[in-house]
Amino acid sequence: MHKIKVWDGFIRSFHWLLVIAIATLYFSAEEGMMELHFVAGFFTLALLLTRLIWGVIGSKTAKLTALIHSPRAVLKSLQHGDAKLGHGAAGSYMVIAFFILLLVQLLSGLMTTDDILTDGPLVEYASSQVVEWAGWVHHNNFDLLFYAIILHVAAIVIYRLKGKKLVKAMVTGYADKEDRGSEIKVTKSPWLAVVIFVLLLAGLMVTWGSEPLSYLFS
Ligand code: HEM
Ligand code: HEM
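Residues numbered from 1 in each chain as written. Chains lettered and ligands numbered in written order. Predicted model: local features only at pLDDT ≥ 70, side-chain atom pairs only at ≥ 80, totals over all residues. Heavy atoms only, no water.

### With respect to the packing of helix 1 (residues 9-30) against helix 2 (residues 34-57)
Next up, step 1: Close contact between helix 1 and helix 2 brings their axes to 9 Å; oriented N to C, the two are set at 155 degrees. The angle between helix 1 and helix 2 places the two elements in the roughly antiparallel class. Relative to helix 2, helix 1 is oriented so that their crossing is left-handed. Residues Phe10, Ile11, Phe14, Leu17, Leu18, Ala21, Thr24, Leu25, Ser28 and Ala29 of helix 1 form the contact with helix 2, whose participating residues are Met34, Leu36, His37, Ala40, Gly41, Phe43, Thr44, Leu47, Leu48, Thr50, Arg51 and Trp54. (Axes fitted to C-alpha atoms, helices over the stretch in contact; angles between N-to-C directions. Helix = DSSP H or I, 4+ residues; strand = E, 2+ residues; numbered from the N terminus. Parallel < 35°, antiparallel > 145°, perpendicular 65-115°, else oblique. Left-handed = near helix turned anticlockwise from the far one by under 90°. Contact = heavy atoms within 4.5 Å.)

What follows is the structure in structure tokens.
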């Protein structure tokens, strides 16, 4: 067995920060802590946008084009596993679904109001019908996101029972591979992604975040 690096530092940070952010978003919504919800929402938006940009300019295993597989490849992957490094064919569809669900959740949130005090930053530009629809989407799409997370974690557990340690790879970055042939470098340094993330986050916080931030820290 040989160890090979499959996930760069940004992908790993993205994943675990996303888990923390979604837990925070759920908790803050349930508790009606809208300022925290907004700040966590802008954080998640910056995180996801950076991930999508990294999907164009980042590591080989981060590429969005590497997520596209034929249905036949998915069936083969479910029966015999995956030979290539990175997300498998079936897992790739899960990743695409997550990106879409997260984008829908984030964009609808920007146009959602709690009908009391807090309006998402795009509410003032949208008609009341659009705002009502966005609120409906924000509520129902979260349920879909929730089911996707359950399915995702169940799949990871099933792979573990079959002997594949995917979580270890998402924590350390390294996976075990049998053949030496795959020992080419597939990851890039994460620093450019970190710079992009910080710039996006700063931009979002300056334009939309100052009010909830000042409330949170007052
Ligand atoms: C809020 C909950 C979660 C969300 C939204 C989520 C989302 C994602 C996304 C988007 C990816 C693709 C990573 C990328 O290419 O950028 C991924 C991969 C992964 N996630 Fe999660 N995840 C969640 C919870 C978890 C938990 C609790 C675990 C651990 C049990 C986990 C383990 C993994 C692993 C191991 C991978 C890599 C799968 C592979 O090797 O193809 N995730 N997740
Ligand atoms: C992935 C990111 C997000 C997640 C997972 C999320 C999740 C949730 C959840 C579960 C609720 C409760 C919905 C209900 O039961 O009706 C909620 C409500 C809300 N969210 Fe988000 N949200 C996200 C992003 C955002 C963003 C970016 C904004 C705006 C900046 C936002 C604004 C709101 C507002 C205003 C409500 C209150 C709606 C009401 O009281 O009916 N959310 N969100």
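### Some words on the layout of surface pockets
Next up, step 1: Computed from the structure, the second largest pocket encloses a volume of approximately 700 Å³.
Next up, step 2: Counting residues per element, the ones that place at least two in the lining of the second largest pocket are helix 1, helix 2, helix 4 (89-110) and helix 5 (128-161).
Next up, step 3: Top contributing element to the lining of the second largest pocket by residue count: helix 2, with seven residues.
Next up, step 4: In the lining of the second largest pocket, the residues fall into 14 nonpolar, 13 polar and three charged. (1 Å grid on protein atoms, 1.4 Å probe; cavity = no way out; pocket = protein on both sides within 12 Å on 5 of 7 lines; lining within 4 Å. Points joined across faces, edges and corners; volume = space filled by probe spheres on them. Nonpolar A, V, L, I, M, F, W, Y, C, P; charged D, E, K, R; others polar.)

### Concerning the coordination of the iron atom of ligand 2
Next up, step 1: At the metal site, the iron atom of ligand 2 is ligated by His37 (NE2) and His138 (NE2), and these contacts range over 2.0 Å.
Next up, step 2: Around the iron atom of ligand 2 sit six donor atoms, and with donor-metal-donor angles ranging over 88 to 179 degrees the site reads as octahedral. Pair noted here: His37 is in helix 2 and His138 is in helix 5, with a separation of 101 residues, a long-range link.
Next up, step 3: The class for His37 is buried, based on a relative accessible area of 13%. (Donors = N, O, S within 2.8 Å, 3.2 Å for Na, K, Ca; no water. Tetrahedral: all angles 85-135°; square planar, octahedral: opposite > 155°, others 65-115°. Buried < 20%, exposed > 50% of the residue type's maximum accessible area, 1.4 Å probe, protein only.)

### Some thoughts on the site of ligand 1
Next up, step 1: Around ligand 1, 20 residues are found, and the nearest of them are His15, Arg51, His87, His152 and Leu166.
Next up, step 2: The separation between an oxygen atom of ligand 1 and a polar side-chain atom of His87 is 2.6 Å.
Next up, step 3: Among the elements of the structure, helix 1, helix 4, helix 5 and helix 6 (166-172) are those that each provide at least two residues to the shell around ligand 1.
Next up, step 4: Considering each element in turn, the shell around ligand 1 owes the most residues, seven residues, to helix 1.
Next up, step 5: Partitioned by chemical class, the residues of the shell around ligand 1 number 16 nonpolar, three polar and one charged. (Near = heavy atom within 4 Å. Polar contact = N/O pair within 3.5 Å; in protein donor to acceptor, adjacent residues only side chain to side chain.)

### Description of the coordination of the iron atom of ligand 1
Next up, step 1: Coordination of the iron atom of ligand 1 by the protein comes from His15 (NE2) and His152 (NE2), over a distance range of 1.9 to 2.0 Å.
Next up, step 2: Classification of the site at the iron atom of ligand 1 as octahedral follows from its six donor atoms and the range of 87 to 179 degrees in their angles at the metal. Of this pair, His15 sits in helix 1 while His152 sits in helix 5, and the two are 137 residues apart along the sequence.
Next up, step 3: What makes His152 partly exposed here is its relative accessible area of 23%.

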